[in-house]
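# Report on the structure
Below are the chains, spelled out letter by letter.
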Amino acid sequence: MERFLQERLDALELSGGKRTLPNPLHVKQGLNLASNDYLGLASNLSLQQEFLHTLEDQTPLFSASSSRLLTGNVAAYEVLETTLARLFGTQSALVFNSGYHMNVGILPALCTDKTLILADKLVHASLIDGIRLSKGKFLRYAHNDLNHLETLLRTHHEAYEHVIVVTESIFSMDGDEADLKGLVALKHRYEKVVLYVDEAHGVGVRGESGLGCAQACGCMGEIDILAGTFGKALASVGGYIVCSTLMREFLVNHMRTLIFTTALPPINLLWSTFVLERLSGFGNARAQLAKVSTLLREGLVQKGYAHPSSSHIIPLMVGENTPTLEKARALQALGFYALPIRPPTVPKGTSRIRFSLTSLVQEADIRAILDVL
Ligand SMILES: *Cc1c(COP(=O)(O)O)cnc(C)c1O
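In this report, the structure presented in the accompanying data block is examined. (Residues numbered from 1 in each chain as written. Predicted model: local features only at pLDDT ≥ 70, side-chain atom pairs only at ≥ 80, totals over all residues. Heavy atoms only, no water.)

## Some remarks on the overall build of the chain
Rule in force here: Starting at the N terminus, helices and strands are each numbered in turn, a helix being any DSSP run of H or I of at least four residues and a strand any DSSP run of E of at least two. Atoms counted for the radius of gyration: C-alpha only. Globule rule: 2.2 Å times the number of residues to the power 0.38. Only protein chains enter the area calculation, which uses a 1.4 Å probe; residues under 20% of their type maximum are buried, those over 50% are exposed, and those in between are partly exposed.
On a plain count of helices and strands, the chain comes out with 15 helices and twelve strands. Taken over C-alpha atoms, the radius of gyration comes to 21 Å for the chain, in line with the 21 Å a tight globule of 373 residues would show. In terms of overall dimensions, the chain has a C-alpha envelope of 60 × 55 × 50 Å along the principal axes. Buried residues in the chain amount to 50% of all 373 residues.

## Some details on unusual backbone geometry
Between P343 and P344 the backbone carries a cis peptide bond, its omega angle lying at 10°. Locating P344 in the fold gives a position in the loop between strand 11 (339-341) and strand 12 (351-356). Located in the positive-phi region is A235, a residue other than glycine, with phi close to 60°.

## Quick notes on the site of the ligand
Just so we agree on the cut-off: Only a single heavy atom is needed: when it lies within 4 Å of a molecule or strand, its residue is near that molecule or strand. Whenever two N or O atoms come within 3.5 Å, that pair is a polar contact, provided that in protein one can donate a hydrogen and the other can accept it, and provided that, for residues adjacent in sequence, both atoms are side-chain atoms. Note on areas: these come from Shrake-Rupley sampling with a 1.4 Å probe, and a residue is covered only by the protein chains present in the view.
Around the ligand, the structure places 14 residues, and the nearest of them are G99, D198, H201, T229 and K232. In the environment of the ligand, an oxygen atom lies 2.6 Å from a nitrogen or oxygen atom belonging to the side chain of T229. K232 is positioned such that a nitrogen or oxygen atom in its side chain is 2.6 Å from an oxygen atom of the ligand. In the complex, the protein chains occlude 84% of the 380 Å² of accessible area that the ligand would expose alone. Of the residues forming the shell around the ligand, the biggest block, three residues, is contributed by helix 5 (residues 99-110).

## Quick word on the pattern of salt bridges
Condition: When a carboxyl oxygen of Asp or Glu lies within 4 Å of a side-chain nitrogen of Lys or Arg, that pair is called a salt bridge.
On inspection of all chains with the given rule, the structure shows twelve salt bridges. The partner of D174 in a salt bridge is R352, and the shortest N-O contact between them spans 3.1 Å. One end of the pair, D174, is in the loop between strand 5 (162-168) and helix 8 (180-189); the other, R352, is in strand 12, and 178 residues separate them in sequence. Here R206 makes a salt bridge to E177, at a shortest N to O gap of 2.9 Å.

## Description of helix 12 (residues 266-278)
Rules: Expected helix span is given by 1.5 Å per residue-to-residue step, counting one fewer step than there are residues. Between two residues, a contact is recorded if the distance between any of their heavy atoms is within 4.5 Å.
Taking 1.5 Å of rise per residue, 13 residues should cover 18 Å, and helix 12 covers 19 Å from first to last C-alpha, within 8% of that figure. Residues of helix 12 that are buried in the fold lie against helix 3 (45-53), helix 4 (75-88) and strand 2 (92-96).

Below, the structure is given as structure tokens:
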């Protein structure tokens, strides 16, 4: 085994694709341009203090000690799920241990060999893994290309019982956005279609009260499985979907990544609820994030960089691995902690620096980045 491990690692190193876990001190030193703490809430210590004061002495906080199907379904789950359903205006909600558990578990639970999954070419690894574990037939449509999606639908939908269309709202590595309204319209033309939208990078950041791109485009009620994570803008841990009561009941009975794992610790559920309840109040952070994002995107275009995205996730395309790594190291040496993204996270030949901005970034910071690029 050892020889096999070493040879595979050596090959990765040679292609510039070898990864190491980043040094926490390096992350702390520079301006963090690689964080998903989009609203700055994870680093907001006074918010955290305020939360800690709400805790009661009598409740065990740090472990649920078993699966939700056994004794782990603590009261804080019900509070969090009721809060989600109320805010999103849906019948129901379901919380998972992480966005990864969520996406790995939903499709295997829902799909039979009579299900067709049509997924955007660039969906997140967790969705791909869910597809791989499912019995559904799987086709990809070209990134954000609804014409291609409709062609596939027209050709194949007769042959299946259900067609699940899977996309992200803001794409994690490209920062561009799906046309949710267009997808909803398509769903209305093909009755077998079930829409599954992952808002990992949209929730908190978009929408009048921070509920995501679906809220911003007024189609929250028309997405069958509207998913997100607490791990990014919401500064906590866990995944969620808002959905019908029927969908929730089905998943509770069939979803292996919900059933066969220890439930989340109560403290995380309570904190997620605390943050969600305050989400509509973080409009200033959302506005600041939008402002610095626009500034960086426009600055990059002026410097002749292509593909500036439309959100706070802004890729600077380089191409090959080695120059991407060198560019990232050079930026880091100047105090800008941006990370290189390489295959298999992104397609071969599209290695990039990924700027992931937060509301803590100031306009002067953006000018400083643009100056050194
Ligand atoms: C981060 C991410 C996930 C995983 O969520 P976690 O809660 O971090 O496990 C799922 N989907 C997308 C699109 C993501 O970017």
